[in-house]
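# Examination of the molecular architecture
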Amino acid sequence: MPTRILLEGRPGAGKTTTLRRLAALLPTHAATGFTTEEIRQSGARVGFALETLTGRREVLAHVDLPGPPRVGKYGVDPGVMERLALPSLRPAATGRLVLIDELGRMELACTPFRHAIDALFVAEVDVVATVHTHRDPFTDALKRRSDIEVVQLTPANRDVLPGELAARLRQPRTHG
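Residues numbered from 1 in each chain as written. Predicted model: local features only at pLDDT ≥ 70, side-chain atom pairs only at ≥ 80, totals over all residues. Heavy atoms only, no water.

Note the cis peptide between aspartate 101 and glutamate 102, where omega equals 10°. For glutamate 102, the position within the fold is in strand S7 (residues 97-103). Here the phi dihedral of serine 42 falls at roughly 50°; this positive angle occurs in a residue that is not glycine. (Helix = DSSP H or I, 4+ residues; strand = E, 2+ residues; numbered from the N terminus.)

The geometry of helix H1 (residues 15-25) relative to helix H6 (residues 161-170) is characterised by a closest axis approach of 9 Å and an angle of 45° between their N-to-C directions. Taken together, H1 and H6 sit at an angle that is classed as oblique. The hand of the H1/H6 crossing is right-handed. On H6, the residues that touch Thr18, Arg21, Leu22 and Leu25 of H1 are Leu161, Pro162, Gly163, Leu165, Ala166, Leu169 and Arg170. Looking at side-chain class alone, the contact of H1 with H6 contains 7 nonpolar, 2 polar and 2 charged residues. (Axes fitted to C-alpha atoms, helices over the stretch in contact; angles between N-to-C directions. Parallel < 35°, antiparallel > 145°, perpendicular 65-115°, else oblique. Left-handed = near helix turned anticlockwise from the far one by under 90°. Contact = heavy atoms within 4.5 Å. Nonpolar A, V, L, I, M, F, W, Y, C, P; charged D, E, K, R; others polar.)

Time to look at helix H4 (residues 111-120). Given 3.6 residues to a turn, an α-helix orients residues that are three or four positions apart in the same direction. Restricting attention to buried positions, one finds in H4 the residues Phe113, Ala116, Ile117 and Leu120. Around the axis of H4, the buried residues are gathered within 100° of arc, so they sit on the same side. The secondary structure elements touched by the buried residues of H4 are strand S2 (32-41), helix H2 (78-89), S7, helix H3 (105-108), strand S8 (126-131) and helix H5 (137-144). (Buried < 20%, exposed > 50% of the residue type's maximum accessible area, 1.4 Å probe, protein only. Arc of directions from axis to C-beta.)

The next point concerns the environment of alanine 141. On the secondary structure map, alanine 141 appears in helix H5. For the pair formed by alanine 141 and arginine 170, sequence separation is 29 residues and the distance between their alpha carbons is 28 Å.

A word on the pairing of S2. Inspection of the sheet shows S2 paired to S7 by 3 bridges, in the parallel sense. By the bridge assignment, threonine 32 is partnered in S7 with valine 98. Sheet analysis places S2 next to strand S3 (residues 44-52), joined by 8 bridges and oriented antiparallel. Across the sheet, residue threonine 36 finds its bridge partner in S3, namely leucine 50. Remark: 2 residues form the turn of the hairpin made by S2 and S3, two consecutive strands paired antiparallel; serine 42 in that turn has positive phi of roughly 50°. (Pairing = 2+ DSSP bridges.)

Throughout the structure, instances matching the rule amount to 2 aromatic pairs. Aromatic side chains phenylalanine 48 and tyrosine 74 sit 5.4 Å apart centroid to centroid with 75° between the ring planes, which places their arrangement in the edge-to-face category. Taken together, the residues span a long stretch of sequence, with phenylalanine 48 in strand S3 and tyrosine 74 in strand S6 (residues 74-76) at a distance of 26 residues. Pair check on accessibility: phenylalanine 48 and tyrosine 74 agree, each one buried. (Phe/Tyr/Trp six-rings, centres within 6.5 Å; stacked < 30°, edge-to-face > 60°.)

Nothing here speaks to function; it is geometry throughout.
Right under this line is the structure:
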């Protein structure tokens, strides 16, 4: 059975850092997927960039983007999800591990992305995704599934978690 893990944490808990450290601990090209990171100007957050594990990067959301959709003060460019995120989620192109940062409101504003996530979580592929702690019908449904393990990311475990997950993901998959 594939490994399906949701790393749940509050903003600033280290979800992105944990996922990037996990990717770095795995053999090159062992995983596909993407991470997101804040864009800051003069110390203030003004947007978010999405970067694939292969290094392609674009602005996903920004205060200067008009939207729609809009999430808070940010206009979101769903085209970035379609150009960068979606191709990295297709199991046929992935090998056996997909890393996703994150299943958040900006990313989930893209309907094709939600459909791709649904397909991914029933495919024969390992998935580690970060998820917010706030309530959302889409992510709440994933968290309730019996085949998905929800791991709380905290300051106490965020430094050891990447190594533990990498060791676990390197183990041969058990069928059954």
